Amino acid sequence: MNPVYIALGSNLAQPVRQLQSALAALAAHPSVQVAACSSFYRTAPVGYDEQPDFINAVALLQTDLPPPELLRVLQAAEEAAGRVRSFRNAPRTLDLDIIDYGGQVWDTPDLQLPHPRAAERGFVMVPLAEIAPQHRLPSQQQTAAELAAALAGQRVVKLDATLFR
């Protein structure tokens, strides 16, 4: 089994439920185990500001699926949640990105690993640091906790879990 960190995000159609449903769908897949999930965080949109805030999290999966096949599973979950790719950084019902797949480095038209912008994004690094503070992306010298601290100026607010249980 390979350890895989994925980022989850949503800002449409009940975002908390979208993330919960995505995690349940992944856990139900016969080749995927959800080993851990961060808290949920409210974050500011990136790249296109005229949209609602996002709800984000990071999950640790264990899988034997090769990266391109896991990507297809994630994209199928996005599609099942009603994801429409209208333009870059558009509002979305569900966004699932592979952040790190067992330390592998990929650079294909369909998949780049580690995720090329993960280390710049508080909405990825803060939840990653919560569940794996000492984790290092293959392209980084700093740990997830150190990168999250460096991104402290980005608005990433932990949600009170009691509000949606």
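For the protein chain, the name recorded in an unreviewed UniProt entry is 2-amino-4-hydroxy-6-hydroxymethyldihydropteridine pyrophosphokinase, with Neisseria shayeganii 871 as its organism. Its UniProt record, at the heading Sequence similarities (unreviewed entry), says of the protein chain: "Belongs to the HPPK family."

### Description of the pairing of strand E5 (residues 95-101)
When you tally the buried positions in E5, you get six out of seven residues, the bulk of the element. Where strand E1 (residues 2-10) and E5 come together, six bridges link them in antiparallel fashion. Paired with Val4 across the strands is Tyr101, a residue of E5.

### Some remarks on the UniProt feature "domain: 7,8-dihydro-6-hydroxymethylpterin-pyrophosphokinase" (unreviewed entry) in the protein chain
As annotated by UniProt and renumbered to match this structure, "domain: 7,8-dihydro-6-hydroxymethylpterin-pyrophosphokinase" (unreviewed entry) occupies residues 88-99. Each end of residues 88-99 is marked by a C-alpha atom, and these two atoms are 18 Å apart; helix forms 0% of the span and strand 42%.

### A word on the pattern of salt bridges
By the definition in use, this model includes four salt bridges. With a shortest N-O distance of 3.0 Å, Arg83 and Asp95 are connected by a salt bridge. Residue Arg83 is found in the loop between helix H2 (67-80) and E5, and its partner Asp95 is found in strand E5; the two are separated by twelve residues along the sequence. Arg83 sits in the buried class, given a relative accessible area of 18%.

### So, the nonpolar core
Membership of the largest hydrophobic core comes to 27 residues, with the highest contact counts inside it found for Ile6, Leu8, Phe40, Leu70 and Ile98. Looking at this core, the elements that each hand over two or more residues are E1, helix H1 (15-28), strand E4 (54-63), H2 and E5. Ignoring anything within four residues of it in the chain, the contact list for Leu70 reads Val4, Val32, Leu61, Thr63, Leu65, Ile98 and Tyr101. Core analysis: the next-biggest nonpolar cluster, separate from the first, contains 18 residues, Leu60, Ala118, Phe123 and Ala144 among them.

What counts as what
- Per chain, residues are indexed from 1 in the order of the written sequence.
- Where totals are concerned, whole chains, interfaces and linings use all residues; where local detail is concerned, this predicted model gives features only for residues with pLDDT of at least 70, and gives and counts side-chain atom pairs only at 80 or more.
- The side-chain numbers reported here are obtained from all heavy atoms of the structure, hydrogens and water having been left aside.
- UniProt positions are given in the numbering used here, feature names are shortened, and annotations may be inferred rather than shown by experiment.
- To sort residues, take the accessible area from a 1.4 Å probe on protein chains only and compare it with the maximum for the residue type: under 20% means buried, over 50% means exposed, and anything in between is partly exposed.
- Helix and strand assignments follow DSSP, with helices taken as H or I runs no shorter than four residues and strands as E runs no shorter than two, numbered in order from the N terminus.
- Between any two strands, pairing holds if DSSP finds at least two bridges.
- Whenever Lys or Arg places a side-chain nitrogen within 4 Å of a carboxyl oxygen from Asp or Glu, that contact is recorded as a salt bridge.
- Residues belong to one nonpolar core when they are buried, are Ala, Val, Leu, Ile, Met, Phe, Trp, Tyr or Cys, and are joined through side-chain atoms within 4.5 Å.
- Two residues qualify as a contact provided that any one of their heavy atoms is within 4.5 Å of a heavy atom in the partner residue.

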